[in-house]
Amino acid sequence: MAEQEPMPTAQGAGQRLGAPETLGISTLDPGHRPPAMPSGRHVTIRVRMLDDTEELFDISQKASGKVLFDLVCSHMNLIEGDYFGLEFQNQQKMIVWLDHIKPIIKQLRRPKHTILRFAVKFFPPDHAQLLEELTRYLFALQIKQDVSCGRLTCNDSSAALMVSHIIQSEIGDFEESLCRSHLLNNNYIPDQMPLIDKIMEFHSKNIGQTPAESDYQLLEVARRLEMYGVRLHPAKDREGTKLSLAVGHTGVLVFQGHTRINAFNWSKVRKLSFKRKRFLIKLRPDLNSTYQDTLEFLMGSRDCCKIFWKICVEYHAFFRLFEEPKPKPKPVLFTRGSSFRFSGRTQKQVIDYVRESEFKKIPFERKHSRVQHNSRVQQNSRLSPLPSPRHHEVPTEHGAPRVDSPHRRHWTESALVSAEDPSASRTTRLSPVRQRNGHDERDRTGSASGTEERRGSTRQTHPDHLSTGVVANSPRLSASSGNSHGMVNGQKSLELCSHSPDGRQPSPLTSPLLNDAGSVRTDDEDEVRRKRFPTDRAYFIAKELLTTERTYVKDLEVVTVSFQSAVGQDEATPDSLKNTVLSTFEPLHKFHTGFLREVEQRLALWEGRSNAHIKGDYQRIGDVMLKNLQGLKPLSANFHKQSEVLLELEKACRASRRLEGLCRDFELQKVCYVPLNVFILRPLHRLIHYRQILERLCKHYPATHVDFRDCRAALADVSEVVELLQGSLIKMENFQKLLELKKDLIGVDNLIVPGREFIRLGCLSKLSGKGLQQRMFFLFNDVILYTSRGMTATNQFKVHGQLPLHGMTIRESEDEWGVPHAFTLVGERQSVVVAASSLKEMEKWMEDIQGAIEMAKTSNGPSSDILSSNLTDSNKCPEDSSVDAESEDDITALHASLDKPTPHRGNTMVHVCWHRNTSVSMVDFSIAVENQLSGNLLRKFKNSNGWQKLWVVFTNFSLFFYKSHQDDYPLASLPLLGYSVTIPSDSENIHKDYVFKLHFKSHVYYFRSESEYTFERWMEVIRSATLKSSGARFLNSKESNPL
């Protein structure tokens, strides 16, 4: 038996970390004795290990949970035990973690009848942070259990790939008959039979992988899955929607089914608490966030809340703190709240401790198969520090283990023997006094030194991996080992060489051409295409830049080409307007056409259309953006001209009814899929999109990445421009919205005056003598208008009345009138009772109206009467007032329009809100501007079988569908106000990754994206339209309008 290296006994691990002796650590150093056992009656505790063996530990009832946990870790010689814990079922039949501070007698009411499970408690984002082979092996066993029981959900390819690494570790290199027999006798995943061929295919590509390398590869695949390390706790939101809460290294997560729908980062969480059944998340103040300060979730009971709160406290401390939090002093008289705190080392302490300390590597025995093994193997197939001369392979000259090694023969022998006796899969042995066997000391010493040598070689290869452009510290990309040619949730995993003793360099990433053909793609074609995609998150961020830039260039062409040909060539268009439009948009269109070409070329290189990507020089986008954003600076004057274009266009339309009719007709064309004024403001909005993309890249890249410096410099440049234009943009958006509303309303005068700000529009029911009648309300900073939609050919809303805000009060009146969600607007001249469609809508209206009333008290806003005595707009020039203002054609067009009114756009937000019985605010419009997205999606209807590939553009609260990005106009559109976006349930039989569902009443649509990043982005932008914000944005009343 090999002797342990001499260790100083006077200084324990806890003292080295500067922590109290009794609570400083949660595992023991090899060679150190467990803490002293308290006096008192002893009980036998049964602990089930991750390999399903059971160990018995004799311990005092008065001992703390930490004493027992240290005994378990000491039994296994586990150094990085802080990632693990002991869980059990309490008297309320709930699974809880053993508290390290409380005595065992207070936690286990019936110790003899309770089985504690040793399990992974804290899942780090990157398995490379696990420095010990034994720790990674235990994590691999945990992943194996999670996959087997269905807790770790994934697609078929990911499941087959993980099983291939598991059986590579268990039976060794691929042999068809042996592999098939093993899979038929062992079930690793639910419904495994249809995937046997795929598992065998992946297994055949793992030849040469050692068990340690297979563990590493298994964790590489698992950590990329959305459900990795997730333990769901059922809950409901305030509206009663069934959700699940979980906690991870980043913060608190919200799931719907098995899909994450929200995440609250630790940096944004100010406080976590619970009150009875309510779990409360208090967020830090954030002006850009649409969430309330405090979020509330309803759980099954107070105990459920407390259990989840405790694990949140522990996760936060373990991953975020540098050292163990100090205990709070006990109050003298009264106690308030829970005294629970995290006890043990933090992740930083564990990593530093293991790296700074030198430990002798004690070999451990792997349990290769849970069902198939003989009696000889059964003795040593357990989580035990007992040595075995067959445990480690002897490397050949090329670094690969010999196939005829004793360990390989041991795998084969254990796999060929089938034991039907279920008792053979579980053994019990009394511990903590480990029984020694008669292995030769030379074998153990040699095995240990061989392990040390091989681990040292493995760790030395990590700097080599960094030189390939793969970032080890990135949460999405890390240096991985093994030749895995499989899929992770539809994305190809990185093909890097295995950690071998000769330190071979990893092979380069291989990626395909991007096929953007606008055709229906079959599932087989989709699977093959996705297998060869780059998997780096930065690639998909760069691809978002490409797709949105294509849409932006098309939008510029609407102004420079379509508008110029339809309106600009007409004699009614003033030369000043033509010159302003051309001088503003032509240089921008020319510049962005060149920029788009460069982005397309860079993405082509990144995707592998040439051998340049092998060097890694083109797997970045920051240099392209920095160069072009600097080239955009000479055109900065063009961004200040957007207001001039809006003013010139409005002035020209007032002066010429013919031009007004031409613009109205142009907006009815298919190419003008949003209001014309929206296209005019696109250049300002695009700068905001550049800033968002660069912020995502800077957040994704570590500071050492080759692309980080360029991205940060480009972000600084574009942020400077955006800050300068922000005030102008807010005023222009308000002005543009007033122009839109003017076209939708009949019977208003002086709608566009200096100082008027739009706040909210939407549908409310007005109480009158005839009962509740649907009306459209428009809230401004000085007045409320209410209208109705008549059966007119112009699709416009007729104004019925106005309510000045000066002197107005507002109160809830549901009980007074017996109408749900009713409130009363009490003005100086009249009072109006209205009802919202829901409590949430009522709260939004009341909040915005109250804010506008307060603003009206202190500001000198517009006070003119905006109702007209007839249906004409007095702002426009009379037809006989100026001979120069209108030509004969204008007068003819005017009489024609009076005889047969020209229809207006029927798909504006006013009409959508009317039909969907909802409302939107100016804040919502501003958020929608920032959340624009383009790209390919696969669409499926509720009752159809196939998926249709479409180019989809999200803007202005709507989805617009094209055959391809080269089309000039959309085939169809889908306004999203009122829709809900969710994840398909299992009963809907979608069985595809990255699918989201849009539904409104009986209308249901399914959409598939190509990657996890694009899925998250589509969910994010669509939620910005379906989950509307509350709270008004008020401008400076002196500068709110350029007129």
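Everything discussed here concerns the structure shown above.
Residues numbered from 1 in each chain as written. Predicted model: local features only at pLDDT ≥ 70, side-chain atom pairs only at ≥ 80, totals over all residues. Heavy atoms only, no water.

## Quick word on the overall build of the chain
Argument step 1. Summing up its helical and strand segments, the chain has 29 helices and 31 strands in all.
Argument step 2. For the chain, the proportion of its 1043 residues judged to be buried stands at 57%.
Argument step 3. Counting only contacts in the chain whose residues sit at least 6 apart along the sequence, the fraction spanning at least 24 positions is 66%. (Helix = DSSP H or I, 4+ residues; strand = E, 2+ residues; numbered from the N terminus. Buried < 20%, exposed > 50% of the residue type's maximum accessible area, 1.4 Å probe, protein only. Contact = heavy atoms within 4.5 Å.)

## Concerning the sheet that holds strand E30 (residues 995-1000)
Argument step 1. Strand order in the open sheet formed by 7 strands is E28-E27-E26-E25-E31-E30-E29, with antiparallel pairing between adjacent strands. Each edge of the sheet is formed by a strand with only one pairing partner; in this case those strands are strand E28 (972-975) and strand E29 (980-982). Recorded for the sheet is a direction-independent mean angle of 35° between the axes of neighbouring strands. (Pairing = 2+ DSSP bridges. Axes fitted to C-alpha atoms, helices over the stretch in contact; angles between N-to-C directions.)

## Here's the deal with the packing of helix H16 (residues 575-606) against helix H19 (residues 642-655)
When two helices pack together, their arrangement is given by the angle between the helix axes and the distance between those axes.
Argument step 1. Two elements in contact, H16 and H19, have axes whose closest approach is 9 Å; the angle formed by their N-to-C orientations is 150°. Here H19 runs roughly antiparallel to H16, going by the angle between their axes. Classified by chirality, the crossing of H19 by H16 is left-handed. Across the interface between the two elements, Ser576, Leu577, Thr580, Val581, Thr584, Phe585 and Leu588 from H16 touch Gln642, Glu644, Val645, Glu648, Leu649 and Ala652 from H19. (Parallel < 35°, antiparallel > 145°, perpendicular 65-115°, else oblique. Left-handed = near helix turned anticlockwise from the far one by under 90°.)

## Section: the packing of aromatic side chains
Argument step 1. Throughout the structure, instances matching the rule amount to 32 aromatic pairs.
Argument step 2. The interplanar angle of 80° and the centroid separation of 5.4 Å between the aromatic rings of Phe123 and Tyr228 together place this pair among those described as edge-to-face. Of this pair, Phe123 sits in the loop between strand E5 (115-120) and helix H3 (133-148) while Tyr228 sits in the loop between helix H7 (211-222) and strand E6 (233-236), and the two are 105 residues apart along the sequence. This pair shows no difference in class: Phe123 is buried, exactly as Tyr228 is.
Argument step 3. Considering the side-chain rings of Phe595 and Tyr690, the 5.9 Å spacing of their centres and the 75° angle between planes classify their relative orientation as edge-to-face. Taken together, the positions of Phe595 in helix H16 and Tyr690 in helix H22 (residues 682-700) put the pair 95 residues apart, joining distant regions of the chain. Tyr690 matches Phe595 in its accessibility class, with the two residues each being buried. (Phe/Tyr/Trp six-rings, centres within 6.5 Å; stacked < 30°, edge-to-face > 60°.)

## Quick notes on helix H17 (residues 622-632)
Argument step 1. Here H17 has its buried residues at Gly622, Val624, Met625, Leu626, Asn628, Leu629 and Leu632.
Argument step 2. Structurally, H17 contributes buried residues whose contacts are with helix H15 (537-568), H16, helix H18 (636-640), H22 and helix H23 (708-744).

## Considering the pairing of strand E11 (residues 278-283)
Argument step 1. Pairing geometry for strand E10 (residues 269-275) and E11, over 6 bridges, is antiparallel. Directly across from Ser273, in E11, lies its bridge partner Leu280.
Argument step 2. The turn linking E10 back onto E11 is made up of 2 residues, and Arg276 within it adopts a positive phi angle of 55°.
Argument step 3. The pairing of E11 with strand E12 (residues 294-299) spans 5 bridges and is classified as antiparallel. Each residue of the ladder has a partner; that of Lys282, found in E12, is Thr294.

## Description of a negative patch on the surface
Argument step 1. A surface patch of like charges, here negative, comprises Glu812, Glu814, Asp815, Glu843 and Glu847.
Argument step 2. Elements that contribute at least two residues to the negative patch include exactly helix H24 (814-817) and helix H25 (839-858). (Patch = residues over 30% accessible without salt bridge, like charges linked within 9 Å, V, L, I, M, F, W, Y side chains within 5 Å. Areas by Shrake-Rupley, 256 points an atom, 1.4 Å probe, with all protein chains shown as cover. Salt bridge = Lys/Arg side-chain N within 4 Å of Asp/Glu carboxyl O. Lys, Arg positive; Asp, Glu negative; His and termini not counted. Charge placed at Lys NZ, Arg CZ, Asp CG, Glu CD.)

## Side note on the pattern of salt bridges
Pairing of side chains with opposite charge becomes possible as their charged atoms draw close.
Argument step 1. On inspection of all chains with the given rule, the structure shows 44 salt bridges.
Argument step 2. In this structure, the salt-bridge partner of Lys348 is Asp352, at a minimum N-O distance of 2.8 Å. In this pair, Lys348 and Asp352 are both assigned in helix H9 (residues 347-356), 4 residues apart and thus about one turn of the helix distant.
Argument step 3. Between Glu988 and Lys997 there is a salt bridge, with the nearest N and O atoms lying 3.0 Å from each other.
Argument step 4. Salt bridges sharing common partners tie together Glu544, Arg696, Arg1017 and Glu1020.

## As for the sheet that holds E10
Argument step 1. Strand order in the open sheet formed by 7 strands is E9-E8-E7-E6-E12-E11-E10, with antiparallel pairing between adjacent strands. The strands lining the two open edges of the sheet, one partner per strand, are strand E9 (259-265) and E10. The mean inter-strand angle of the sheet, taken between neighbouring strand axes irrespective of direction, is 35°.
Argument step 2. Taken strand by strand, helix H8 (residues 302-320) contacts E6, strand E7 (242-247), strand E8 (251-256), E10, E11 and E12, and its axis lies near 155° from that of E10.

## Digging into the nonpolar core
Argument step 1. Leu959, Phe996, Leu998 and Trp1018 are the most contacted members of the largest nonpolar core, which has 127 residues in total.
Argument step 2. The element best represented in this core is H15, accounting for 14 residues.
Argument step 3. Val43, Phe57, Ile104 and Ile199 belong to the second largest nonpolar core, which has 103 residues in total. (Core = buried A, V, L, I, M, F, W, Y, C linked by side-chain atoms within 4.5 Å.)

## Focus on a positive patch on the surface
Argument step 1. A surface patch of positive charge is lined by Arg270, Lys271, Lys282, Arg284 and Arg320.
Argument step 2. With respect to the helices, strands and loops of the structure, Lys271 is situated in strand E10.

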